[in-house]
Amino acid sequence: MQPTAPSPVIEFRDVSYRVAGTQVLAGFNLQVQLGETLVLLGRSGSGKTTTLKLVNRLLSPTGGEVRVKGVPSADADVIQLRRGIGYVIQDVGLFPHFTVERNIGLVPKIAGWSDERIRSRVGELMQMVGLAPDVGLRYPRQLSGGQRQRVGVARALAADPEILLMDEPFGALDPLTRDELQREFLLLQQRLHKTVVFVTHDLREALRLGSRIALMEAGRLVTVLPPLDFLRSPDPWASAYVRAFGDGLESAANRGAS
Amino acid sequence: MNFFRFIWQNHEQVLELTLEHIWLVGVSTLVAAVIGIPLGIVIAHRTRLNKPVLASANIIQTIPSLALFGFLLPVPWLGERADRLAILALSLYALLPIIRSTYTGIRGVDPAVVEAGRGMGLTDSQLLFQVELPLAVSVILSGVRVAIVISVGLATIAAAIGAGGLGEFIFRGLAMVDDRVILAGAIPAAILALTADFGVGWLERRLQPR
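What comes next concerns the included structure. Please read these numbers as outputs of a predicted model, since none were measured by experiment.

## Overview of the overall build of chain B
Move 1: What chain B contains, in helices and strands, is ten helices and zero strands.
Move 2: Traced from its N-terminal end to its C-terminal end, chain B shows the element sequence α-α-α-α-α-α-α-α-α-α.
Move 3: For chain B, the spread of C-alpha atoms along the three principal axes comes to 65 × 40 × 25 Å.
Move 4: The 210 residues of chain B split such that 40% are buried.
Move 5: Restricting the contact set of chain B to residue pairs at least 6 apart, pairs at least 24 apart contribute 74%.

Here's what the structure looks like:
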């Protein structure tokens, strides 16, 4: 054991990813520390989602290595690795043939929890993400977009994973619902201190939710900065982003930090 | 109404041939499902295999049924008993709708659902049995339904090689130029087809995911 600085929870070491002759990711180095919310910011096609999927091994790097809790992901048991990582995606992907309760309780169930323990955990999670108890017996198609994403978050948290991967989870929601869920995410994160990797192309969201922002462009990491430093960064890509989003960003960054 | 009198006078034989017919269709559909559903699942996951497999099943489908029965007749173990041969031929014809509907059903599952399941740490078999198959089951059954309806019709031709079934009445009636005898085979066959169509259709709706 190293007595020095705590080792990162997720670490990318010179990672590259190539598919069908296209270099999606190259020379990628990044460390995600315990309890932080690292936002991967970038435009479509910059490699954000690929980076995320390399963590839970939905994709495997073609070069370099990804370490999760110090273990190279290639050496880990992929099923156990994934069960220890919550995963939330924009399309939510709830199981349409399961009730909300069964959706949330699926990972604990396959992990072999008792029915009693699953039931109390599901109830606890539904309260945590702001779902009324009667929603539990409904099917996903009977829910609003915001409710669905709450279920998605609850499901990801079900087995109490240390790591949470979120791929534009609030991207498809209307502005009011998005604002509400962002606020609740911050409150939740204050309580739970998960290690979160959050993908978005929305600078405002990145400033509000992130403890650090990793800016990506064309499969490369441009810079990693805390929100307020990001706003003042002289980096051409970062400042282009800031210009594109216009005024009022300081308040977004401050709201997140408070 | 001497058709009904004919049926009544021969009701024991009508019943016997109907049961033979059900046996031929039932066993061959079962065989086709046992082979076709796993094959459909495999080609839905290994998409490189889907073209060759579907093409082969398609080619089988284009062989005229009477010719297929004829081709198989000299095959040693098969040719010994006509019903074996008929069941094999009917199974081959039933494969295409079953493979194709299984493939379509599995491929039709929302990719986000599969990705979420995989990302949550479901194993391949958990994903298949808890997510993909339950969501695809009504599409798969629609293929089984088509297969059964086709088989009921095709099985009448099996009588030409002596495999029995309601085709016996049809061929005999043709030889005797007697409509009553033809209808004694054709009408129960039509009823069988409709009943199966309705029955599996009902099951399909029952199992439809919400």
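## So, the interface of chain A and chain B
Move 1: Counting residues at the interface gives 16 residues for chain A and 16 residues for chain B.
Move 2: Mapped onto the side of chain A that touches chain B, the elements with two or more residues apiece are α2 (78-83), β6 (85-89) and α3 (100-110) of chain A.
Move 3: Top element by residues in the side of chain A that touches chain B is α2 of chain A. It accounts for three residues.
Move 4: When its residues are assigned to classes, the side of chain A that touches chain B shows ten nonpolar, three polar and three charged.

## Some points on the packing of helix α4 (residues 65-72) of chain B against helix α6 (residues 82-107) of chain B
Residues and elements named next belong to chain B.
Move 1: Between α4 and α6, the least distance of the axes is 10 Å, while the angle of their chain directions is 130°. Judged on the interaxial angle alone, α6 and α4 are oblique. Crossing angle aside, the handedness with which α4 passes α6 is right-handed. Contacts between α4 and α6 involve Ser65, Leu68, Phe69 and Leu72 from the first element and Leu85, Leu88 and Ala89 from the second.

## What to know about the environment of Asp235 of chain A
Residue and element names in this part refer to chain A.
Move 1: Relative to the helices and strands, Asp235 resides in the loop between α8 (227-232) and α9 (236-245).
Move 2: For Asp235, a count of 14 C-beta atoms within 10 Å gives the class partly exposed.
Move 3: Once the C-alpha coordinates of Asp235 and Val15 are considered, the two residues, 220 residues apart in sequence, prove to be 23 Å apart.
Move 4: Beyond its immediate stretch of four places on either side in the chain, Asp235 contacts Val222 and Thr223.

## Quick word on the pairing of strand β9 (residues 212-217) of chain A
Residues and elements named next belong to chain A.
Move 1: Inspection of the sheet shows strand β3 (residues 37-41) paired to β9 by four bridges, in the parallel sense. Note on β9: the bridge partner recorded for Leu40 is Ala214.
Move 2: Pairing between β9 and strand β10 (residues 220-225): five bridges, direction antiparallel. Counted as the bridge partner of Met216 is Leu221 from β10.
Move 3: Between β9 and β10, which pair antiparallel one after the other, the connecting turn spans two residues, and Ala218 there sits at a positive phi close to 50°.

## With respect to the sheet that holds β6 of chain A
Residue and element names in this part refer to chain A.
Move 1: Taken in spatial order, the six strands line up as β6-β7-β8-β3-β9-β10 in an open sheet, and their pairing is mixed. Each edge of the open sheet is held by one strand with a lone partner, namely β6 and β10. Averaged over all neighbouring strand pairs, the angle between strand axes comes to 15°, with direction disregarded.
Move 2: Across the sheet, helix α1 (residues 48-55) is in contact with β3, β6, β7 (163-167), β8 (195-200) and β9; its angle to β8 comes to roughly 155°.

## Details of unusual backbone geometry
All names here are of chain A.
Move 1: Non-glycine residue Ala20 carries a positive phi angle of around 45°.
Move 2: Residue placement: Ala20 occurs in the loop between β1 (10-19) and β2 (22-32).
Move 3: The residue Val92 is not glycine, and still its phi comes out positive at about 65°.
Move 4: Within the fold, Val92 resides in the loop between β6 and α3.

## What about the sheet that holds strand β4 (residues 63-68) of chain A?
Residue and element names in this part refer to chain A.
Move 1: If you walk across this open sheet you meet the four strands as β2-β1-β4-β5, and the pairing is antiparallel. In this open sheet, the two strands that pair with only one neighbour each are β2 and β5 (71-72).
Move 2: Pairing geometry for β1 and β4, over five bridges, is antiparallel. The residue bridging Arg13 from the neighbouring strand is Glu65, located in β4.

## Details of the nonpolar core
Move 1: Val197 and Ala214 of chain A together with Leu90 of chain B are the most contacted members of the largest nonpolar core, which totals 128 residues.
Move 2: With sequence-adjacent residues up to four places away left out, Ala214 of chain A is seen in contact with Leu30, Leu38, Val39, Leu40, Leu41, Leu221 and Val224 of chain A.

## A closer look at helix α7 (residues 111-119) of chain B
Move 1: Here α7 of chain B has its buried residues at Val113, Ala116, Gly117, Arg118 and Gly119 of chain B.
Move 2: Of the surrounding elements, those touching the buried residues of α7 of chain B are α2 and β6 of chain A together with α8 (124-155) of chain B.
Move 3: Phi turns positive one or two residues past the end of α7 of chain B, at Gly121 of chain B, with a value near 100°.

## Let's talk about the packing of α8 of chain B against helix α10 (residues 179-207) of chain B
Residue and element names in this part refer to chain B.
Move 1: Running from N to C, α8 and α10 cross one another at 175°; their axes reach a closest spacing of 9 Å. The angle between the axes of α8 and α10 places the two elements in the roughly antiparallel class. Taken together, the residues of α10 that come into contact with α8 (itself represented by Val137, Ser138, Leu141, Ser142, Val144, Arg145, Ile148, Val149, Val152 and Gly153) are Ala189, Leu192, Ala193, Ala196, Asp197, Val200, Gly201, Leu203, Glu204 and Leu207.
Move 2: Its residues placed into classes, the contact of α8 with α10 shows 13 nonpolar, four polar and three charged.

Rules of the game
- Starting from 1, residues in each chain are numbered consecutively following that chain's sequence as written.
- Written order determines the labels here, with chains lettered from A and ligands numbered from 1.
- The predicted nature of this model means local features are confined to residues of pLDDT at least 70 and side-chain atom pairs, given and counted, to a pLDDT of 80 or more, with totals for whole chains, interfaces and linings taken over all residues.
- We count a stretch as a helix when DSSP gives it H or I for four or more residues in a row; a strand needs E for two or more, and each element gets its number in order from the N terminus.
- Note on burial: count the other C-beta atoms lying within 10 Å of the residue's C-beta; 20 or more is buried, 12 or fewer is exposed, in between is partly exposed, and C-beta positions come from the backbone.
- With C-beta atoms placed from the backbone, a contact is any residue pair whose C-beta atoms sit within 7 Å.
- Throughout this entry, Asp, Glu, Lys and Arg are counted as charged residues, while Ala, Val, Leu, Ile, Met, Phe, Trp, Tyr, Cys and Pro are counted as nonpolar. The remaining residues, Gly among them, count as polar.
- To define axes, lines are fitted to C-alpha atoms, for helices over the stretch in contact only, and angles between the resulting N-to-C directions are given on a 0 to 180 degree scale.
- By definition in this entry, angles of less than 35 degrees are roughly parallel, angles greater than 145 are roughly antiparallel, angles of 65 to 115 are roughly perpendicular, and the rest are oblique.
- Left-handed describes a crossing whose near helix is turned anticlockwise from the far helix through less than a right angle; right-handed describes the clockwise counterpart.
- Only strands that DSSP links by at least two bridges are regarded as paired with each other.
- Put simply, a nonpolar core is a cluster of buried Ala, Val, Leu, Ile, Met, Phe, Trp, Tyr and Cys residues tied together by C-beta atoms within 7 Å.

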